[in-house]
Amino acid sequence: INLLSSYDISIGIYTTINDWFNVIEIPYTSLDISNRLISLWTPRYDSILSFDFYKEFGGWSIPYIKQYNCGSTYTRRLGSLTRICYNYMSES
């Protein structure tokens, strides 16, 4: 993280609260990354353009990006290589 930051490369993590806990295996709040410039990109396939669902974890008070839709169930069942994902970013 420090090396990438030294080259002005933006860093982000794609995860959910459950995945974060399962991989890191420590309580949600004990790994605090809030002092680092690491953006959170989190999926929640509810087709709603907001962060109202979000519960703080890992030092992130709010996600930077929410992936709210990623192809249809029908498309995934067909094994289609074409799949478009839609993301939401807050205006503020």
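Above this text sits the structure in question.
The structure displayed is predicted, hence computed values, not measured ones.

**Some remarks on the nonpolar core**
1) Next: In this structure, Ile11, Ile17, Trp20, Ile38, Leu40, Tyr54, Phe57 and Trp60 together form the largest nonpolar core, which totals eight residues.
2) Next: Counting residues per element, the ones that place at least two in this core are helix H2 (17–24) and strand E2 (38–43).

**A word on the sheet that holds E2**
Hydrogen bonds between backbone groups are what pair the strands of a sheet, and the pairing can be parallel or antiparallel.
1) Next: The strand order E1-E2-E3-E4 describes an open sheet built from four strands, whose pairing is mixed. Strands with a single pairing partner mark the edges of an open sheet, and in this sheet they are strand E1 (11–14) and strand E4 (85–88). Across the sheet, the mean angle from the axis of one strand to that of its neighbour is 25 degrees, orientation sign disregarded.
2) Next: In the sheet, strand E3 (residues 65–70) pairs with E4 via four bridges, with the strands oriented antiparallel. In the strand pairing of E4, glutamine 67 is matched with asparagine 87.

Calculation rules
Residues numbered from 1 in each chain as written. Predicted model: local features only at pLDDT ≥ 70, side-chain atom pairs only at ≥ 80, totals over all residues. Heavy atoms only, no water. Core = buried A, V, L, I, M, F, W, Y, C linked by side-chain atoms within 4.5 Å. Buried < 20%, exposed > 50% of the residue type's maximum accessible area, 1.4 Å probe, protein only. Helix = DSSP H or I, 4+ residues; strand = E, 2+ residues; numbered from the N terminus. Pairing = 2+ DSSP bridges. Axes fitted to C-alpha atoms, helices over the stretch in contact; angles between N-to-C directions.

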